[in-house]
Amino acid sequence: MKLNNILMVVFLTIIAVGTAFAGDKAKVGEKAPNFTLVDSNGNEHSLSDFSGKYVVLEWINYDCPFVVKHYDSGNMQKLQKWATEKDVVWLAICSSAEGKQGNFTTDEINKRNKDQKANFTAYLIDESGKVGKMYDARTTPNMYVINPNGELIYAGAIDSIKSTNQDDIKNSTNYVKTTLEAAWAGKSVDPSTTQPYGCGVKYNK
Amino acid sequence: MLKKLIFLLLSATLLYAAETGSDLVEVEVIPAYAEISDKTKIVPVALKFKIEDGWHIYWRNPGDSGLPTEINWEEGKFTTTDIQWPIPEKIPFTGLANYGFEDEVVLFTAIRLERNLIDNLEVNANISWLVCKEACLPGDQDISFELPMGREISNPEYNKLQQKYKAEMPFSTDIIRATGKITEDELVITIDDENLPKDVQFFPYEPGFIVNGPEQEVEKLGNKTIIKIEMDTYRYENPKSLKGLLISNEGIDLSKQVEKYKAIVINFPIN
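Just so we're clear, the structure is a prediction, and the values are computed from it rather than from any experiment.

Draft legend 1. Region of interest: the overall build of chain B. Check the secondary structure of chain B and you find two helices and 20 strands. When the 271 residues of chain B are sorted by exposure, 47% land in the buried category. In chain B, once contacts between residues fewer than 6 apart in sequence are set aside, the share between residues at least 24 apart is 71%. Carbon and sulfur atoms make up 50% of the accessible area of chain B, which amounts to about 14,900 Å² in all.

Written as structure tokens, this is what we have:
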């Protein structure tokens, strides 16, 4: 084979490998990486299914006191309702590994969803933690907002006061709300990232 | 009737067995004085935490999750100083990491008395924390103490505690000079000291800037030590400077000093 041909093959392989890794991990301002997960009713969903819509990702663990703060107060459900009524797709994702806190059977998940009167579009199960690691989800809750072009426009905390105290909710700025409102108004999202607060995501390794 | 009794007993035991975050940590307050005089300006205070085996509470920078341990003072005839934190441990979890304390930790702080204090000093505070093992539980405890006005009398218990914890406190010094440079998502700290041990790591005071999980790369370059750290891609912006601890289990040998230090405070500008 000619040297040129060999070099061409090598060059193309490097590019192919490079692009395979690019976009593997989520970054604000870039295309949110696609994923496919099964929900608590056995239905499969891919992020790409929702292209053309705003999508909110909510990392969840029903037994974490920070998640309890937002659910017992009704704050999360209210936010979910408000957003989904405006055609936003809201996906709760649980990356708790088997045997770890927050990992439940689908029956238990659906029971909790019902008891909590959750208003998300679907509760996706990410037991292997693959999607969590893709989005660098560290805490529950950890929120992400994706615009209709598939771009990640917000990643971070649900609101501005880091605590387990329900009383702090009314005094805090809700970043999911401010992000969506800014995006709908065509304004820039600020802050586009904040440090998330909560319990650590219970990955398997 | 018997069935009901058994049921009640069982429920009571179950309720009793459910531990809260407040059950897993116990706080004791130890002021530096047993009695103060009208000339006393500052009263150092130690807060001794006893933490349930296997659980931990957090440093001022809790890392990738958790909440810092907090003191909420009730208003009184005094102001308070910042907490002096002992050297924390890095607690890794599934690729991420926290900074915190296990077993026992003593936080040091101080009460600054207002000038015309003539009565006994009454101090009340609520200490709050997040205590975690696998799960996390919020907890808190009210503490209070009263110091009679009279002659200034030291509390030997405080002095003993301060001595015991001397080695656990980071050392503040101006001797170490360092600068930082951020390129894309990498921070390179260049420290003007070629003798830093190979296990040295940097723990920032503020969360949200560096990636906490991985071990930081340490290299020697001429007469300098370089630490390479990944920056958090979700950081709001690049910091103009970072303050924190250089930590080494081997111990940092500052030239001209006799002892080795487990941690020293550094504050460096970033280009």
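Having seen the model, we can carry on.
Draft legend 2. Structural view of the sheet that holds strand β1 (residues 36-39) of chain A. All names here are of chain A. Pairing is mixed across the open sheet formed by seven strands, whose spatial order is β2-β1-β5-β4-β3-β7-β8. Strands at the two margins of the open sheet, each flanked by one partner only, are β2 (44-46) and β8 (152-156). Neighbour-to-neighbour, the strand axes of this sheet turn through a mean angle of 30°, independent of strand direction. In this fold helix α6 (residues 175-184) packs onto β3 (55-59), β4 (89-94), β7 (143-146) and β8, with an angle of close to 165° to the strand it touches most, β8.

Draft legend 3. Fine view of the state of the cysteines. Residues and elements named next belong to chain A. The tally for this structure, following the rule as stated, stands at two disulfides over all chains. Between C64 and C199 runs a disulfide, and the two sulfur atoms are separated by 2.1 Å. Disulfide C64-C199: the torsion about the S-S bond is 95°, which places it as right-handed. Here C199 lies in strand β9 (residues 199-200) and C64 lies in the loop between β3 and α2 (65-72), a separation of 135 residues in the sequence.

Draft legend 4. Fine view of a nonpolar patch on the surface. Residues and elements named next belong to chain A. Among the surface-exposed residues, L3, I6 and L7 lie close enough to one another that they form a single nonpolar patch of about 300 Å² accessible area. Structurally, L3 can be placed in helix α1 (residues 3-21). Judged by its relative accessible area of 60%, L3 is exposed.

Draft legend 5. The pairing of β7(A), seen in detail. Residues and elements named next belong to chain A. Side chains M143 and V145 of β7 all project onto a buried face; the interleaved residues Y144 and I146 project onto the opposite face, where all are buried too. When β3 meets β7, the two strands line up antiparallel, connected through four bridges. Of the residues in β7, the one forming a bridge with E58 is M143. Sheet analysis places β7 next to β8, joined by four bridges and oriented antiparallel. The residue of β8 that forms the bridge with Y144 is A155. Once β7 ends, the chain turns through five residues before running back antiparallel as β8, passing G150 with a positive phi of about 80°.

Draft legend 6. View of the interface of chain B and chain A. Listed as interface residues are 22 residues of chain B and, on the opposing side, 31 residues of chain A. Between the two partners, chain B and chain A, sit two salt bridges. The shortest N-O distance in the salt bridge between R138(A) and D232(B) comes to 2.7 Å. At the boundary of chain B with chain A, the tally comes to nine residue pairs in polar contact (both at pLDDT 80 or more). Of the residues assigned to the side of chain B that touches chain A, the class counts are ten nonpolar, seven polar and five charged.

Draft legend 7. Expanded view of the layout of surface pockets. All names here are of chain B. In this structure, the largest pocket spans a volume of roughly 830 Å³. What lines the largest pocket is a set of 36 residues, among which Q84, W85, P86, M169 and P170 lie closest to the centre. Among the secondary structure elements, those contributing two or more residues to the lining of the largest pocket are β4 (56-63), β5 (70-73), β9 (104-113), α2 (156-164), β13 (171-172), β19 (241-253) and β20 (260-269). Ranked by the residues each element gives to the lining of the largest pocket, the list is headed by β20, at five residues. Of the residues that constitute the lining of the largest pocket, the class distribution is 21 nonpolar, seven polar and eight charged.

Draft legend 8. Looking closely at the sheet that holds β9(B). Residues and elements named next belong to chain B. Spatial ordering of the open sheet is given by β1-β3-β9-β6, a layout of four strands whose pairing is antiparallel. Where the open sheet ends on each side, the last strands, each with one partner, are β1 (25-31) and β6 (78-80). Recorded for the sheet is a direction-independent mean angle of 30° between the axes of neighbouring strands. Where strand β3 (residues 42-51) meets β9, nine bridges bridge the pair, whose relative direction is antiparallel. When the sheet's bridge partners are listed, A46 is paired in β9 with F108.

Draft legend 9. Main features of the side chain of H56(B). All names here are of chain B. Looking at where H56 falls in the secondary structure, it is placed in strand β4. Reaching out from H56, the side chain makes a polar contact with the side chain of Y58 at a distance of 3.3 Å. Setting aside residues up to four positions removed in sequence, H56 forms contacts with I51, I91, N98, F101, E102, L130, V131, C132 and K133.

Draft legend 10. Here's a closer look at the confidence of the model for chain B. Scored by pLDDT, chain B comes out at a mean of 93, with 94% of its residues at no less than 70. Confidence metrics for the complex model read pTM 0.89 and ipTM 0.88.

Draft legend 11. Focus on empty space enclosed by the protein. Residue and element names in this part refer to chain A. Applying the stated criterion to the full structure yields one cavity of 30 Å³ or more. If you add up the space inside the largest cavity, you get close to 50 Å³. Around the largest cavity, the lining residues are C94, S96, G102, N103, F104, I109, Y123, I125 and E127. Across the lining of the largest cavity, the residue classes break down as five nonpolar, three polar and one charged.

Draft legend 12. Broad picture of the packing of aromatic side chains. Residues and elements named next belong to chain B. Under the definition given, this model contains 23 aromatic pairs over all chains. Relative to F101, the ring of W85 has its centre 6.3 Å away and its plane inclined at 5°; by these criteria the two rings are stacked. With W85 in the loop between β6 and β7 (89-93) and F101 in strand β8 (residues 96-102), this residue pair connects regions lying 16 residues apart in the sequence. Here W85 matches F101 in class, with each residue buried.

Draft legend 13. Up close: the nonpolar core. With 73 residues, the main nonpolar core has F49(B), L187(B) and L246(B) as its most contacted residues. Those residues in contact with L187(B) that sit more than four places away from it in its chain are G180(B), K181(B), I182(B), I210(B), I227(B), K228(B), I229(B), M231(B), L242(B), F268(B) and I270(B). Core analysis: the next-biggest nonpolar cluster, separate from the first, contains 40 residues, Y154(A), A182(A), A183(A) and Y58(B) among them.

Criteria and thresholds
- Residues numbered from 1 in each chain as written.
- Chains lettered and ligands numbered in written order.
- Predicted model: local features only at pLDDT ≥ 70, side-chain atom pairs only at ≥ 80, totals over all residues.
- Heavy atoms only, no water.
- Helix = DSSP H or I, 4+ residues; strand = E, 2+ residues; numbered from the N terminus.
- Buried < 20%, exposed > 50% of the residue type's maximum accessible area, 1.4 Å probe, protein only.
- Contact = heavy atoms within 4.5 Å.
- Areas by Shrake-Rupley, 256 points an atom, 1.4 Å probe, with all protein chains shown as cover.
- Pairing = 2+ DSSP bridges.
- Axes fitted to C-alpha atoms, helices over the stretch in contact; angles between N-to-C directions.
- Disulfide = S-S within 2.5 Å.
- Patch = residues over 30% accessible without salt bridge, like charges linked within 9 Å, V, L, I, M, F, W, Y side chains within 5 Å.
- Salt bridge = Lys/Arg side-chain N within 4 Å of Asp/Glu carboxyl O.
- Polar contact = N/O pair within 3.5 Å; in protein donor to acceptor, adjacent residues only side chain to side chain.
- Nonpolar A, V, L, I, M, F, W, Y, C, P; charged D, E, K, R; others polar.
- 1 Å grid on protein atoms, 1.4 Å probe; cavity = no way out; pocket = protein on both sides within 12 Å on 5 of 7 lines; lining within 4 Å.
- Points joined across faces, edges and corners; volume = space filled by probe spheres on them.
- pLDDT = per-residue confidence, 0-100.
- Phe/Tyr/Trp six-rings, centres within 6.5 Å; stacked < 30°, edge-to-face > 60°.
- Core = buried A, V, L, I, M, F, W, Y, C linked by side-chain atoms within 4.5 Å.

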